[in-house]
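The residues making up each chain are set out below.
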Amino acid sequence: MKKLILASILTAASFSSVATIVEMQTSQGTIEINLFDQQTPKTVENFLSYVDDAAYNQTVIHRSVDKFVIQGGGFTFSDEMDPITTKPAVINEPVYSNVKGTIAMAKQGGNENSATSQWFFNMSDNSQNLDLQNGGFTVFGQVTAQSQETLNKIAALVHCSQVPLVGVTKEQCSDENLIISNENLVSIQSVVVLDDDPNSAQNLTPKENTLIDNVEVTPPKTSDSSGSMAWLLGALLLVAPRLKRAK
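Residues numbered from 1 in each chain as written. Predicted model: local features only at pLDDT ≥ 70, side-chain atom pairs only at ≥ 80, totals over all residues. Heavy atoms only, no water.

Novice: Quick question: what am I supposed to make of the packing of aromatic side chains here?
Specialist: The relation between two aromatic rings is expressed through the spacing of the ring centres and the mutual angle of the planes. By the definition in use, this model includes seven aromatic pairs. The interplanar angle of 50 degrees and the centroid separation of 5.1 Å between the aromatic rings of Phe47 and Phe140 together place this pair among those described as tilted. You can see Phe47 sitting in helix α1 (residues 41-52) and its partner Phe140 sitting in strand β11 (residues 139-143), a full 93 residues away along the chain. Judged by centre distance (6.1 Å) and plane angle (80 degrees), the rings of Tyr56 and Trp119 are edge-to-face. Pair noted here: Tyr56 is in the loop between α1 and β3 (59-60) and Trp119 is in strand β10 (residues 119-122), with a separation of 63 residues, a long-range link. Take Tyr56: its relative accessible area is 1%, and that puts it in the buried class. Classification of Trp119 by relative accessible area gives buried; the value is 0%. Among the aromatic residues, ring-to-ring pairing joins Phe47, Tyr50, Tyr56, Trp119, Phe121 and Phe140 into one connected group. Across from the ring centre of Tyr50, 5.1 Å away, lies the NZ or CZ of Lys87, which sits over that ring. The ring of Phe137 has Lys107 sitting right over it, with the charged end atom 4.7 Å from the ring centre. (Phe/Tyr/Trp six-rings, centres within 6.5 Å; stacked < 30°, edge-to-face > 60°. Helix = DSSP H or I, 4+ residues; strand = E, 2+ residues; numbered from the N terminus. Buried < 20%, exposed > 50% of the residue type's maximum accessible area, 1.4 Å probe, protein only. Lys NZ or Arg CZ within 6 Å of the ring centre and 35° of its normal.)

Structural data, given as structure tokens:
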């Protein structure tokens, strides 16, 4: 298989990494992601298990916060946001820093080992917050420079509460009778593996999470917490408007 050698989009680096390469096709463009197989193996394995099951296909971007994060991997849309079936939570691996252009796992507040299917793209340098908070948020990949343009396009859409929408005005967001269809939401049409060799993209130089070094890591809980949908990023609760599907 032809290896794709990609330049790093991050300028700060402490050590190099290698990556499986996946492609996320969205309704707003393509996002290519390099996964950090060796340094965050459990998280990458967990993410790829959802990819292999096509669990992310036809899900939607349900949260976008300006200059902070774009979040998905948790919901499809019918008459409302419908949570996808999740697997047991994965242990936290806070190796890399939550800088712009990286992808990390979302999880429940107060439980560092609670990540299941949801992930988020860092839209700015969130290291001072997310590298320490809740045991540190696990960064498990980074996007290419061209893919950042797709994320910027999503961030520029009109947002109703924290949900980015297409073909809706800001004024319409305040209408409690707002009716939308799937075409109004940013959808993830497919996520596929482009290169399954973890030794591809050897020029990646992600930034190490050094802030977590002096934080005592809490052992993983024995109970499966993946059933709860109280997903938090720090103190920010997912707040979605009451969206009605077009008939």
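Once the structure has been displayed, the description carries forward.
Novice: For this particular structure, what's the right way to read the nonpolar core?
Specialist: Note on soluble globular proteins: their nonpolar side chains tend to be buried together. In this structure, Met24, Ile33, Leu35, Phe47, Trp119, Phe121 and Phe140 are the most contacted members of the largest nonpolar core, which totals 28 residues. Among the elements of the structure, β1 (19-26), β2 (29-36), α1, β8 (102-105), β10, β11, α3 (145-155) and β15 (187-195) are those that each provide at least two residues to this core. Examining the composition of this core, we find that five residues originate from one element, α1, more than from any other. Once residues within four sequence positions are removed from consideration, Phe121 is found in contact with Met24, Ile31, Ile33, Phe68, Val69, Ile70, Thr102, Ile103, Val143 and Leu151. In this structure, Phe36, Val65, Ala104 and Leu130 belong to the second largest nonpolar core, which totals 12 residues. (Core = buried A, V, L, I, M, F, W, Y, C linked by side-chain atoms within 4.5 Å. Contact = heavy atoms within 4.5 Å.)

Novice: I keep staring at the environment of Glu149 and nothing clicks. Help me out?
Specialist: Along the chain, Glu149 falls in helix α3. Note on Glu149: relative accessible area 57%, which makes it exposed.

Novice: What is the right way to look at α3 in this model?
Specialist: It helps to recall that an α-helix has 3.6 residues per turn; residues three or four apart then point in one direction. For α3, the set of buried residues is Ser147, Gln148, Thr150, Leu151 and Ile154. Seen end-on, α3 carries its buried residues on one side only, within an arc spanning 155 degrees. Opposite its buried face, α3 presents the exposed residues Ala145, Gln146 and Glu149, each directed more than 90 degrees away. (Arc of directions from axis to C-beta.)

Novice: Quick question: what am I supposed to make of the pairing of β11 here?
Specialist: Regular strands show a simple pattern: their side chains alternate between the two faces of the sheet. Burial of β11 is extensive: five of the five residues sit out of reach of the surface. Here three bridges tie β2 to β11, and the two strands are oriented antiparallel to one another. In the strand pairing of β11, Leu35 is matched with Gly141. (Pairing = 2+ DSSP bridges.)

Novice: Help me understand the state of the cysteines, please; the structure alone is not making it clear to me.
Specialist: A disulfide bridge is the covalent bond that connects two cysteines by way of their sulfur atoms. Per the stated rule, a full pass over the model turns up one disulfide. Between the sulfur atoms of Cys160 and its disulfide partner Cys173 the distance amounts to 2.0 Å. Judged by the torsion about the S-S bond (-80 degrees), the Cys160/Cys173 disulfide is left-handed. Here Cys160, found in strand β12 (residues 158-160), pairs with Cys173, found in helix α4 (residues 170-173); they are 13 residues apart in sequence, far enough to count as distant. On the basis of relative accessibility, which here comes to 2%, the residue Cys160 falls in the buried class. (Disulfide = S-S within 2.5 Å.)

Novice: Can you walk me through α1 in this structure?
Specialist: The terminal C-alpha atoms of α1, which comprises 12 residues, lie 16 Å apart, in line with the 16 Å expected from a rise of 1.5 Å per residue. For α1, the complete set of buried residues consists of Thr43, Val44, Asn46, Phe47, Leu48, Ser49, Tyr50 and Val51. (Expected span 1.5 Å × (residues − 1).)

Novice: I would appreciate a short explanation of the side chain of Ser127 in the present structure.
Specialist: Positionally, Ser127 belongs in helix α2 (residues 127-130). Classification of Ser127 as buried rests on a relative accessible area of 5%. The residues touching Ser127, leaving out its near neighbours within four places in the chain, are Ser97, Asn98, Leu132 and Leu211.

Novice: Is there a simple way to think about unusual backbone geometry in this case?
Specialist: With the exception of glycine, most residues fall at negative phi, and the peptide bonds are largely trans. Phi angles above zero are rare outside glycine, and Ala54 is one such case at about 60 degrees. Secondary-structure assignment places Ala54 in the loop between α1 and β3. Overall, the relative accessible area of 37% leaves Ala54 in the partly exposed class. Unlike most non-glycine residues, Gln58 shows phi in positive territory, near 70 degrees. By the element assignment, Gln58 lies in the loop between α1 and β3. A relative accessible area of 49% places Gln58 in the partly exposed class.

Function cannot be inferred from these measures alone, as they are strictly geometric.
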